[in-house]
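Summary of structural features
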Amino acid sequence: MSKKQVIIDFGDGRKVELPVFDATLGQNVVDMRNLGKYGYWSYDPAFLSTAACESKITFIDGDAGQLFYRGYPVEQLAEHSTHLEGAYLLLNGELPTQKEKDDFEREITLHTMLNDQIYSLFKGFRRDAHPMAMVTGVVGALAAFYPDSFYFKDPKIRKISIQRLIAKMPTLTAMCYRYTYGLPFMFPQNKLNYAENFLYMMFATPCEDYVVNPVIAKAFDRILLLHADHEQNASTSTVRIAGSSGTHPFSAVAAGVACLWGPSHGGANEAVLKMLTEIGDESKVDEYVAGVKDKKYRLMGFGHRVYKNTDPRASIMRKTCYEVLEVLGKKDDPLFKLAMKLEQVALSDDYFISHKLYPNVDFYSGIILRAIGIPDSMFTAVFALARTVGWLAQWQEMITEPDIKISRPRQLYTGSVARNYVPIEQR
Ligand code: ACO
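The structure reproduced in this document is the subject of the present report.

The rules behind these values
- Residues numbered from 1 in each chain as written.
- Predicted model: local features only at pLDDT ≥ 70, side-chain atom pairs only at ≥ 80, totals over all residues.
- Heavy atoms only, no water.
- Core = buried A, V, L, I, M, F, W, Y, C linked by side-chain atoms within 4.5 Å.
- Buried < 20%, exposed > 50% of the residue type's maximum accessible area, 1.4 Å probe, protein only.
- Helix = DSSP H or I, 4+ residues; strand = E, 2+ residues; numbered from the N terminus.
- Contact = heavy atoms within 4.5 Å.
- Pairing = 2+ DSSP bridges.
- Patch = residues over 30% accessible without salt bridge, like charges linked within 9 Å, V, L, I, M, F, W, Y side chains within 5 Å.
- Areas by Shrake-Rupley, 256 points an atom, 1.4 Å probe, with all protein chains shown as cover.
- Salt bridge = Lys/Arg side-chain N within 4 Å of Asp/Glu carboxyl O.

Take the nonpolar core next. Core analysis: the largest hydrophobic core is formed by 118 residues, its most contacted members being Phe-220 and Ile-374. If one sorts the elements of this core by residue count, helix α17 (residues 379–399) sits on top with 14 residues. If we ignore the near neighbours within four places in the chain, the residues touching Ile-374 are Phe-198, Met-202, Phe-203, Phe-220, Leu-369, Phe-379 and Val-382.

Attention shifts here to the sheet that holds strand β3 (residues 29–30). The strand order β1-β2-β3 describes an open sheet built from 3 strands, whose pairing is antiparallel. A strand with exactly one partner marks an edge of an open sheet, and here the two such strands are β1 (5–9) and β3. Here β1 runs beside strand β2 (residues 15–21); their pairing, made up of 5 bridges, is antiparallel. Paired with Gln-5 across the strands is Pro-19, a residue of β2.

Before going further, it helps to spend a moment on a nonpolar patch on the surface. Side chains of Val-6, Val-30 and Met-32 sit close together on the surface and give an oily, nonpolar patch of about 190 Å² of accessible area. By the secondary structure assignment, Met-32 is in the loop between β3 and β4 (58–61). Here Met-32 falls in the partly exposed class, since its relative accessible area comes to 32%.

The next point concerns the pairing of strand β5 (residues 66–69). With 4 bridges connecting them, β4 and β5 associate as antiparallel partners. Of the residues in β5, the one forming a bridge with Asp-61 is Gln-66. What sits between β4 and β5 in their antiparallel hairpin is a turn of 4 residues, with Gly-65 showing a positive phi close to 70°. The pairing of β5 with strand β6 (residues 72–73) spans 2 bridges and is antiparallel.

Structure (structure tokens):
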């Protein structure tokens, strides 16, 4: 706690001194918990100025355009680490030793398969169901297969529940794709690493050998790592709120998946590709940007609630995008050229500069995913697969707090005052 205090003067002779907590990085926070005793709540729709929890996991410096996982800059991790090593770090607070890393990877590998009944569950979906509708349903349904995970206060049960979900997400996400196209499900291959295994389950067939391109696998792993956690974003807050009731962890994560689907959040990379297709041609960019400035629509893949500078993930994704298109011989892809033109126009336009609207991670990730062969409708599902790690790390942090309380926001009520029921014939 800081020595500073914030004094609120209620204007009726009463004053309250609210304590301030010091952050190790970023803004300090005013402790508002006792405000209710004075007859007021704080009003902060969409949590624009509210720290809803204390956390040690991820930190975004929005002005400097930096992202840290447990203190490590994400650029360093993207260069030297892997998604599973990042997962270990986010979950445990420290980078693993070689033995811890090997054990963790092995333990995840042991849980990659799904219960056979899940195959019947898939058959109940329409073939044209959006993958996110299927992922939400299947993750929620997994709770039915692991009733023991409800006893997550036991560290052993908690650990295995987390490992199960991280291990099964690639399998069930790939199954959504295979189901849509009527392709046979491919079983996980535990000799492959996490990213390779997902690409194998997506694109291999039982008829031929399938070799995963290492550049593509590395790029995909980087996409996963960069999307693994991002402070108290909408879906993570959803997981925390759902989890605060003590619900089954897989149900809490299913709530996060549902939240992620929206185009203002995880659905943005799919929306970027839709937008690029709608623009269609480099010659239409200026006209499209004019429409954005007239507020007819937003430029998808630009802007962020927290980053008011370059999104560090976007810079890495941009570089990765070049690498992937190069190796696939798609550098002259018209969509990519159109995206580069749009980026160039937006970055030099006063509207975007004054509104601090920079490309976010979604602007490039969609182009990479499409180049790899992942259909646009699967983009958000891939994001959910990556973010599962962050959701679980944040959920774990919350439910291991000594004094966990159910999340229950207050409201500013502006509806009708109390009135009596009027019988229908008198209305
Ligand atoms: N295009 C055009 N104008 C924009 C954009 C955009 N993408 N984003 C914000 N603005 C403008 C708003 O019109 C508003 O302008 P005004 O002040 O003149 O009225 C101003 O910038 C602030 O907008 P807010 O909606 O208040 O900003 P907020 O920080 O709440 O929004 C958000 C963040 C939702 C991400 C927004 O920038 C957006 O809609 N971007 C497009 C969708 C997108 O790419 N989402 C992905 C986010 S990253 C992620 O989830 C992984």
